[in-house]
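Structure at a glance
The primary structure of each chain is shown beneath.
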Amino acid sequence: QVQLVESGGGLVQAGGSLRLSCAASGRRFGSRTMGWFRQAPGKEREFVAGILWSTRSTYYADSVKGRFTISRDSAKNTVYLQMNSLEPEDTAVYYCAASALLSSSRQSRDFGSWGQGTQVTVSS
């Protein structure tokens, strides 16, 4: 349906900042919620942040509240994740995802389209 391409991952020192981008192509009208998830080796994929496209309403995992900000640019069909005060525990592969639901979901199963993932490594 919709194709998602991520960029912006990389290596950063603890306390630093990084901004991830997710560009959507194809038909996006069915993507009512965009989200960011992450997965570290040996751990389950976990929700990070979400945004309702039409209203810009946002919601976050408790672990990143106050540090991460999700936003979108409708003209560019792009969603962003601004990550500040990064910690080694934030090290993971970060995935952009799209959902047809409008439910502020934190569940992977509610997101039907996924990006390729981008590695974020935070060194101490």
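Our structure's up above, just so we're on the same page.
First things first, this report covers the structure right here in the doc. None of the values given here were measured: they were computed from a predicted structure.

**Some thoughts on the environment of Leu-81**
- As for its placement among the helices and strands, Leu-81 is situated in strand β8 (residues 78-83).
- For the pair Leu-81 and Gly-50, spaced 31 residues apart in sequence, the C-alpha separation works out to 9.6 Å.
- Contacts of Leu-81, omitting those with residues within four sequence positions, involve Leu-18, Arg-19, Leu-20, Trp-36, Val-48, Ala-49, Phe-68, Thr-69, Ile-70 and Tyr-94.

**Here's the deal with the sheet that holds β8**
- With respect to topology, 4 strands assemble into an open sheet ordered β1-β3-β8-β7, the strand pairing being antiparallel. Where the open sheet ends on each side, the last strands, each with one partner, are β1 (2-7) and β7 (68-73). Strand-to-strand twist in this sheet, taken as the mean axis angle between neighbours without regard to direction, amounts to 20°.
- By the bridge criterion, 6 bridges tie strand β3 (residues 18-26) to β8 in an arrangement that is antiparallel. Note that in β8 the partner of Ala-23 across the bridge is Thr-78.

**Description of the packing of aromatic side chains**
- Applying the stated criterion to the full structure yields 6 aromatic pairs.
- Aromatic side chains Phe-37 and Phe-47 sit 5.7 Å apart centroid to centroid with 75° between the ring planes, which places their arrangement in the edge-to-face category. On the criterion of sequence distance, the pair formed by Phe-37 in strand β4 (residues 33-39) and Phe-47 in strand β5 (residues 46-52) is long-range, its members being 10 residues apart. Comparing Phe-37 with Phe-47, the two get one shared label, buried.
- Ring plane angle 10° and centroid distance 5.1 Å describe the contact between Phe-47 and Tyr-59, whose orientation is recorded as stacked. Of the two residues, Phe-47 sits in strand β5 while Tyr-59 sits in strand β6 (residues 58-60), which places them 12 residues apart along the sequence.

**Remarks on the state of the cysteines**
- Inspection of the entire model under this criterion finds 1 disulfide.
- A disulfide bridge connects Cys-22 with Cys-96, and the sulfur atoms are separated by 2.2 Å. The S-S bond linking Cys-22 to Cys-96 shows a torsion near -80°; that makes this disulfide left-handed. With Cys-22 in strand β3 and Cys-96 in strand β9 (residues 92-99), the pair connects residues that are 74 residues apart, well separated along the chain. The burial state of Cys-22 is the same as that of Cys-96; both residues are buried.

**Details of the pattern of salt bridges**
- Evaluated as defined, the whole model comprises 5 salt bridges.
- For Arg-38, the salt bridge goes to Glu-46, with nearest N and O atoms at 2.8 Å.
- You can call Glu-46 partly exposed: its relative accessible area is 36%.
- Asp-62 is the partner of Lys-65 in a salt bridge, and the nearest nitrogen-oxygen pair spans 3.3 Å.
- Where salt bridges share partners, they join Arg-38, Glu-46, Arg-67 and Asp-90 into one cluster.

So, how was this worked out
- Residues numbered from 1 in each chain as written.
- Predicted model: local features only at pLDDT ≥ 70, side-chain atom pairs only at ≥ 80, totals over all residues.
- Heavy atoms only, no water.
- Helix = DSSP H or I, 4+ residues; strand = E, 2+ residues; numbered from the N terminus.
- Contact = heavy atoms within 4.5 Å.
- Pairing = 2+ DSSP bridges.
- Axes fitted to C-alpha atoms, helices over the stretch in contact; angles between N-to-C directions.
- Phe/Tyr/Trp six-rings, centres within 6.5 Å; stacked < 30°, edge-to-face > 60°.
- Buried < 20%, exposed > 50% of the residue type's maximum accessible area, 1.4 Å probe, protein only.
- Disulfide = S-S within 2.5 Å.
- Salt bridge = Lys/Arg side-chain N within 4 Å of Asp/Glu carboxyl O.

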